[in-house]
Amino acid sequence: MRLRLTPRENSYYDLFAAQAQHLVTGANLLGEMLGADRAARKEIGKRFAEAEHQADEATHTIMRQLNLTFITPFDRDDIYTLASGLDDCMDFMEEAADLVVLYKIEGLPPRVADQVQALQRAAELTAEAMPRLRSMSSLSEYVVEINRLENQADKAHRKLLAQMFEEIADPILLMKLKEIVEKLEDAADAFERVANTIETIAVKES
């Protein structure tokens, strides 16, 4: 074990854990939106906007802490990258939910559920991984599983696009749905980037 000659600010671990919990909330709200009617989706959208605001506040807290802390538990750039990456996950999910409401989508294609389920699992795994940053233990399994989920989400995305182009004749509706599923794919990619950041941190700290 390396000797620490100066104390480190360890509140980052709790801050990252809190930030990741907002992702679980967001992914579950996406799940609620799948089977909801337009009126219910509007209410869910309001709840999502509030959850996204709380996630933003969590991100800002980490950034403020970073500006005030001289000794950090791991590389400052990695702290910034991880906080920004978690924020991206929430932003993309919220954008997808917001578009569903704004575009007044009557029914989402059934395969959208495959994308959302992958995001829900990715959010759960990410929230479970954050406390393990303290010891840098059991993170490789998390990284492997997130990569597997991202591959799964990629396949669901491609199949969904193919189905939409084949079955949807209305070009405006097709454009709206395509934008929504692209945002969901962006969210899956963002979760993978978070996992890659954590993998980099673990390698540096090993």
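Below you will find a few notes about this structure. (Residues numbered from 1 in each chain as written. Predicted model: local features only at pLDDT ≥ 70, side-chain atom pairs only at ≥ 80, totals over all residues. Heavy atoms only, no water.)

1. Remarks on the overall build of the chain
Okay, step 1: When helices and strands are tallied, the chain shows six helices and zero strands.
Okay, step 2: In the chain, the order of α-helices and β-strands from amino to carboxyl end is α-α-α-α-α-α.
Okay, step 3: Its C-alpha atoms give the chain a radius of gyration of 18 Å, within 12% of the compact-globule value 17 Å for 206 residues.
Okay, step 4: Projected onto its principal axes, the C-alpha coordinates of the chain cover approximately 65 × 30 × 20 Å.
Okay, step 5: Carbon together with sulfur atoms contributes 52% to the accessible area of the chain, which is approximately 10,500 Å² in total. (Helix = DSSP H or I, 4+ residues; strand = E, 2+ residues; numbered from the N terminus. Rg over C-alpha atoms; globule rule 2.2 N^0.38 Å. Areas by Shrake-Rupley, 256 points an atom, 1.4 Å probe, with all protein chains shown as cover.)

2. Section: the environment of tyrosine 13
Okay, step 1: Counting through the fold element by element, tyrosine 13 comes out in helix α1 (residues 11-34).
Okay, step 2: Between the alpha carbons of tyrosine 13 and threonine 200 there is a distance of 16 Å; along the sequence they are 187 residues apart.
Okay, step 3: If we ignore the near neighbours within four places in the chain, the residues touching tyrosine 13 are Pro73, Phe74, Leu133 and Arg134. (Contact = heavy atoms within 4.5 Å.)

3. Notes on the packing of α1 against helix α3 (residues 76-102)
Working note: a packed helix pair is described by the angle between its axes plus the distance between those axes.
Okay, step 1: Contact pair α1 / α3: the axes reach a minimum separation of 10 Å and the direction vectors enclose 15°. Taken together, the axes of α1 and α3 lie roughly parallel to each other. α3 is crossed by α1, and the crossing has left-handed handedness. Contacts between α1 and α3 involve Tyr12, Phe16, Gln19, His22, Leu23, Gly26, Ala27, Leu30 and Met33 from the first element and Ile79, Leu82, Ala83, Leu86, Asp87, Cys89, Met90, Met93, Ala97, Val100 and Val101 from the second. (Axes fitted to C-alpha atoms, helices over the stretch in contact; angles between N-to-C directions. Parallel < 35°, antiparallel > 145°, perpendicular 65-115°, else oblique. Left-handed = near helix turned anticlockwise from the far one by under 90°.)

4. Focus: the nonpolar core
Okay, step 1: Counting 69 residues, the largest nonpolar core has Phe16, Met93 and Tyr142 as the members making the most contacts within it.
Okay, step 2: For phenylalanine 16, the residues in contact, after removing those within four places along its chain, are Ile62, Phe74, Ile79, Leu82, Ala83, Leu86, Met130 and Leu133. (Core = buried A, V, L, I, M, F, W, Y, C linked by side-chain atoms within 4.5 Å. Buried < 20%, exposed > 50% of the residue type's maximum accessible area, 1.4 Å probe, protein only.)

5. Description of α3
Side chains of residues three or four places apart in an α-helix project in the same direction, reflecting 3.6 residues per turn.
Okay, step 1: Compared with the 39 Å implied by 1.5 Å per residue over 27 residues, the 38 Å span of α3 between its first and last C-alpha is a close match.
Okay, step 2: The residue sitting at the N-terminus of α3 and contributing the capping side-chain oxygen is aspartate 75; that oxygen lies 2.9 Å from the backbone nitrogen of aspartate 77.
Okay, step 3: Looking one or two places after α3, you find lysine 104, whose phi comes out positive at around 55°. (Expected span 1.5 Å × (residues − 1). Polar contact = N/O pair within 3.5 Å; in protein donor to acceptor, adjacent residues only side chain to side chain.)

6. Observations regarding the packing of helix α2 (residues 38-68) against α3
Okay, step 1: Packing of α2 against α3 leaves a shortest axis separation of 10 Å and a crossing angle of 165°. Relative to α3, α2 is oriented roughly antiparallel. As for the relative orientation of α2 and α3, their crossing is left-handed in sense.
Okay, step 2: Considering only residue class, the contact of α2 with α3 consists of 15 nonpolar, four polar and eight charged. (Nonpolar A, V, L, I, M, F, W, Y, C, P; charged D, E, K, R; others polar.)

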